[in-house]
Amino acid sequence: MSNDEALKKLLNQLNVPLPPEVLELALTHRSYAYEFGGLPTNERLEFLGDSVIGLIITETLYRNFPQYDESKLSPLRSGVVSTRALAEIARKLELGKSLRIGRGEELTDGRNKSSILADALEALIGAIYIEHGLALTEKVITHLMSDALQEALVRGASLDGKTALQEIVATLGYGAPEYEVSNSGPDHAKEFSAFALVNGERISSGRGKSKREAEQEAARIAYELLLEESQNQ
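Let us look at the structure shown here. In this text, all values refer to a predicted model and were calculated from it rather than measured experimentally. Every chain is numbered on its own, with residues counted from 1 as its sequence reads. Where local features are concerned, this predicted model is filtered to residues with pLDDT of at least 70; where side-chain atom pairs are given and counted, the filter is 80 or more; whole-chain, interface and lining totals use all residues. Side-chain measures here rest on the full set of heavy atoms in the structure, leaving out hydrogens and waters.

1. A closer look at the overall build of the protein chain
In terms of regular secondary structure, the protein chain is built from 12 helices and three strands. Both definitions apply: the radius of gyration is a C-alpha atom measure, and the globule rule equals 2.2 Å times residues to the power 0.38. Over its C-alpha trace the protein chain gives a radius of gyration of 19 Å, about what one expects of a compact globule, namely 17 Å for 233 residues. The C-alpha extent of the protein chain, read off along each of the three principal axes, is 55 × 40 × 35 Å. Going through the 233 residues of the protein chain one by one, you find that 45% of them count as buried. In this description, contact between two residues means that some pair of their heavy atoms is separated by no more than 4.5 Å. A sequence separation of at least 24 residues applies to 59% of the contacts in the protein chain between residues at least 6 apart. In these tables, accessible area is a Shrake-Rupley quantity obtained with a 1.4 Å probe, and a residue counts as shielded only by the protein chains included in the view. Summed over all atoms, the accessible surface of the protein chain reaches about 12,200 Å², with 51% contributed by carbon and sulfur. The distance from the centre of the 25 positive side-chain charges to the centre of the 35 negative ones in the protein chain is 2 Å. What counts as a helix is a DSSP run of H or I of at least four residues, what counts as a strand is a run of E of at least two, and both are numbered from the N terminus. Burial status follows relative accessibility: with a 1.4 Å probe on protein chains alone, a residue under 20% of its type maximum counts as buried, one over 50% as exposed, and anything between as partly exposed. Positive charges come from Lys and Arg alone, negative charges from Asp and Glu alone, with His and the N- and C-terminal ends not counted. Think of each charge as sitting on NZ of Lys, CZ of Arg, CG of Asp or CD of Glu.

2. Some points on helix H6 (residues 83-92)
Looking only at H6, the buried set comprises Thr 83, Ala 85, Leu 86, Ala 87, Ile 89 and Ala 90. Immediately beyond the C-terminal end of H6, within one or two residues, lies Glu 94, with a positive phi of roughly 55°.

3. Describing the packing of aromatic side chains
Note on aromatic pairs: the rings of Phe, Tyr and Trp (six-membered ring only in Trp) are paired at centre separations within 6.5 Å, and the planes decide the class, stacked below 30 degrees, edge-to-face beyond 60, tilted for the rest. With the rule as written, the count across this model stands at one aromatic pair. Aromatic pair Tyr 32 and Phe 36: ring centres 4.4 Å apart, planes at 25°, arrangement stacked. Criterion for a charge above a ring: Lys NZ or Arg CZ within 6 Å of the ring centre, and within 35 degrees of the ring normal. Here Arg 202 stacks its cationic end above the ring of Phe 195, 3.9 Å away from the centre of that ring.

4. Looking at empty space enclosed by the protein
Cavities and pockets are defined on a 1 Å grid built over the protein atoms alone: a cavity is a set of grid points where a 1.4 Å probe fits but cannot escape, while a pocket is an open set with protein on both sides within 12 Å along at least five of seven lines, and lining residues are those with an atom within 4 Å of any such point. Grid points are joined across faces, edges and corners, and a volume is the space filled by probe spheres set on the points. Within the structure shown, the criterion is met by one cavity of 30 Å³ or more. Approximately 40 Å³ is the volume found for the largest cavity. Contributing to the lining of the largest cavity are Ile 53, Leu 86, Ile 89, Leu 121, Ile 125, Ile 141, Leu 144 and Met 145. Within the residue set of the lining of the largest cavity, elements represented by two or more residues are H6, helix H8 (114-132) and helix H9 (134-144).

5. Some thoughts on the environment of Gly 126
Mapped onto the elements, Gly 126 comes out in helix H8. In this structure, the C-alpha to C-alpha distance between Gly 126 and Thr 137, residues 11 residues apart in sequence, is 8.7 Å. Contacts of Gly 126, omitting those with residues within four sequence positions, involve Leu 45, Leu 48 and Gly 49.

6. A short note on the layout of surface pockets
By volume, the largest pocket is sized at about 560 Å³. What lines the largest pocket is a set of 27 residues, among which Arg 30, Glu 46, Asp 119, Ala 189 and Lys 190 lie closest to the centre. Residue assignment for the lining of the largest pocket shows that the elements contributing at least two residues are helix H4 (43-64), H8, strand S2 (191-198) and strand S3 (201-208). Throughout, the ten residues Ala, Val, Leu, Ile, Met, Phe, Trp, Tyr, Cys and Pro are labelled nonpolar, Asp, Glu, Lys and Arg are labelled charged, and all others, Gly among them, are labelled polar. Here the lining of the largest pocket is built from residues that sort into four nonpolar, nine polar and 14 charged. Volume-wise, the second largest pocket comes out at about 370 Å³. Lining the second largest pocket are 21 residues, with Ala 85, Ile 89, Lys 92, Asp 147 and Ala 148 positioned closest to its centre.

Spelled out as structure tokens, the structure:
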């Protein structure tokens, strides 16, 4: 599939028109921009899109869970807007085929990296917001994230990975879970990585734009692994 065909398919799936120059900017990763003389990157649109997604998802959860306070709504939101969740949506859109990335990222499978895909999806949402306003952007977000939102509605507070992991390790007779966290990248665009440790062993990892998000993702994966293991015993 040519790049033009990939872009056309992407716009058809979004069902929203975007000017070519805006779409190009939303898909320009910093690795490409730096290699070609300091072109503008998608990071400003990403910053905007992150906030717009956060607003829409927060309001949706607020309205659907009137019985929950902030302590339960916050981890629900983290699950829906996590790097992993956004990257999965980007993969369904085959967004990676349309990205403009540098040679280094191309050689290290950058088109499939969750962080790059999640950032590009946020940039696209930022672009849609700039061009079309909040009402249409909300329709796009709720459509793209319908599966993640449905999961939140079904599972409710169980999406709080750290709480769920703590409960299952207690049930299994293990010690309290621990987390190892590191970060990389510039101050304005740090990415956090976390390992969930049970009985001192790393059993899962997570990534996110904050320490909390990375820990929550690692904890959710660890919880699912331990739950499956306990059910098979």
